[in-house]
Amino acid sequence: MADVHLKGIRKEYGSVLAVTDVDLKIPAGKLVCFLGPSGCGKTTLLRIIAGLESPTKGRLIVDGQDITDLPTHRRNFGMVFQSLALFGHLTVGENIAYALRVRGVDPAARRRRVEELLELVQLPGIADRHVAQLSGGQRQRVAIARALAMEPKLFLMDEPLSALDAKLREAMQIELRVLQQRLDITTVMVTHDQREAMTMADQIVVMGDSRVQQVGSPTEIYRNPANRFVADFIGTSNLLPATMKSGTGVVVDGRPVRVSDLPVGLGDGAAVTLLVRPEEMRILPPDSEGENRLPGTVAFIRDVGATVETYVDCAGVRLVAIAMRRDRPEVEPGERALVELPPGACRILAA
Ligand code: ATP
């Protein structure tokens, strides 16, 4: 188990800025996901931790030691990167034992370790198969077993499940998370899939525009996104243009909306964005009175089985509300409706 500290990391490739101003602590034994859209610098940051890139600026501290200049092969980190594919001409066992052989571990001990690792990734007894005979999911698991062979103190994975179909991917997310917790191994994983990050991570590092935008648990990030970028990237968001109304909340399209949790430092009349998650929003018939209700027109209803999504045009934007089937709103497309924004579910973001 290692704890990792990134201090003031910046990486430029010629004139391209890949990441900057990264100050981050990864606690021992936790699983941390770097999450963000393509090109935001996730892989670069992981490669810097792995020692496959050197930062232009900043230091990397692991267990209190500055290892910024330590070569990759001396870091003893387990890595599952797309660029580190399995050796196609070797068997599963030979792949997993590769690093053990290089380090002079004797054949009987190697064999034992391979079997142990294959048990761990739930592929017992396939050590003598050739890599070419495996499915995509089996290959990914063998790659994970290979990365764990040297009992690394830090486990790094770059989109390890990207080659899998949706169903296997979801199953593997849970398996990998359970395995990581069982081994209690500090793990950093790159993904652009927010559902994957929410499923697996203790902490999510949301990245955008070459910077860290927010660090927090999945729940914190979902409930209290730090800015519009994070709100937009994590989950589905209803974002309404609004202005501050001191002491009570905001004004949306000329109507007052009360907000329980008011931010400090935003004066009366300041332009802001109001965020409400779809599962918090209620759609009501047009004649139902009450506070925090805005008029709109139902544009579309999507019935996806367990839940019903109601799209409503309101205050110049299209909002979506998600309800369980039994709470399906009593409205139809084309009809007028009211959108209820509960004060406790409203979040104010700087515009
Ligand atoms: P993706 O999800 O698409 O892999 P990412 O978030 O992992 O994206 P990076 O691969 O870290 O992003 O790239 C960040 C930026 O640095 C991008 O603009 C990319 O084009 C640039 N970049 C990355 N590697 C190099 C390189 N070797 N030479 C030049 N530019 C690079």
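Keep in mind that what you see is a predicted model, and the values were worked out from it rather than measured.

Student: Any chance you could break down helix 1 (residues 42-50) for me, citing the residues and the numbers?
Tutor: Judged by how many residues are buried, helix 1 sits mostly within the fold: 7 of 9 residues are covered. Residues Lys42, Thr44, Leu45, Leu46, Ile48, Ile49 and Ala50 constitute the buried set of helix 1.

Student: Mind laying out the site of the ligand, listing which residues take part and the relevant values?
Tutor: Lining the immediate surroundings of the ligand are Tyr13, Val16, Ala18, Pro37, Ser38, Gly39, Cys40, Gly41, Lys42, Thr43 and Thr44. One of the backbone N or O atoms of Cys40 is found 3.0 Å from an oxygen atom in the ligand. For the ligand, an oxygen atom lies 2.8 Å from a polar atom in the side chain of Lys42. Within the residue set of the shell around the ligand, elements represented by two or more residues are strand 2 (16-26) and helix 1. Ranked by residue count, the leading element in the shell around the ligand is helix 1, at 3 residues. Of the residues belonging to the shell around the ligand, the class tally is 5 nonpolar, 5 polar and 1 charged.

Student: Can you explain the pattern of salt bridges? Please cite residues and give values.
Tutor: With the rule as written, the count across this model stands at 22 salt bridges. One salt bridge in this structure joins Glu151 and Arg113, with 3.8 Å as the shortest N-O distance. Highlighted residues: Glu151 in the loop between helix 4 (136-148) and strand 7 (154-158) and Arg113 in helix 3 (residues 107-120), separated in sequence by 38 residues. Since its relative accessible area comes to 17%, Arg113 is described here as buried. Glu170 is the salt-bridge partner of Arg195, the closest N and O atoms lying 2.8 Å from each other. Residue Arg195 is located in helix 6 (residues 194-200), and its partner Glu170 is located in helix 5 (residues 166-183); the two are separated by 25 residues in the primary sequence.

Student: A description of the sheet that holds strand 12 (residues 249-252) should follow, citing residues and the corresponding values.
Tutor: Pairing is antiparallel in the open sheet, where 5 strands are placed in the order 13-12-11-14-20. Each edge of the open sheet carries a strand with a single partner, namely strand 13 (255-258) and strand 20 (347-350). Here the average twist between neighbouring strands, direction ignored, is 45°. Where strand 11 (residues 238-245) lies against strand 12, 3 bridges are found, and the strand directions are antiparallel.

Criteria and cut-off values
Position numbers for residues count from 1 along each chain, tracking the sequence in the order it is written. Reporting in this predicted model follows two pLDDT cut-offs: at least 70 for local features of residues, and 80 or more for side-chain atom pairs to be given and counted; totals over whole chains, interfaces and linings ignore these cut-offs and use all residues. Side-chain metrics rest on all non-hydrogen atoms present in the structure, leaving aside hydrogens and water. Burial classes: relative accessible area under 20% of the type maximum marks a residue as buried, over 50% as exposed, and values in between as partly exposed (1.4 Å probe, protein chains only). Under the scheme used here, helices are H or I runs from DSSP no shorter than 4 residues and strands are E runs no shorter than 2 residues, and both carry numbers assigned from the N terminus. Residue proximity to a molecule or strand is established when one non-hydrogen atom of the residue lies within 4 Å of it. Counted as a polar contact is a pair of N or O atoms within 3.5 Å, where, for protein atoms, one must be capable of donating a hydrogen and the other of accepting one, and residues adjacent in sequence contribute only when both atoms are in side chains. Throughout this entry, Asp, Glu, Lys and Arg are counted as charged residues, while Ala, Val, Leu, Ile, Met, Phe, Trp, Tyr, Cys and Pro are counted as nonpolar. The remaining residues, Gly among them, count as polar. Any carboxyl oxygen of Asp or Glu that lies within 4 Å of a side-chain nitrogen of Lys or Arg is treated as forming a salt bridge with it. Note: two strands are recorded as paired if DSSP finds a minimum of 2 bridges between them. Between N-to-C directions, angles span 0 to 180 degrees; the directions come from axes that are lines fitted to C-alpha atoms, helices contributing only their stretch in contact.

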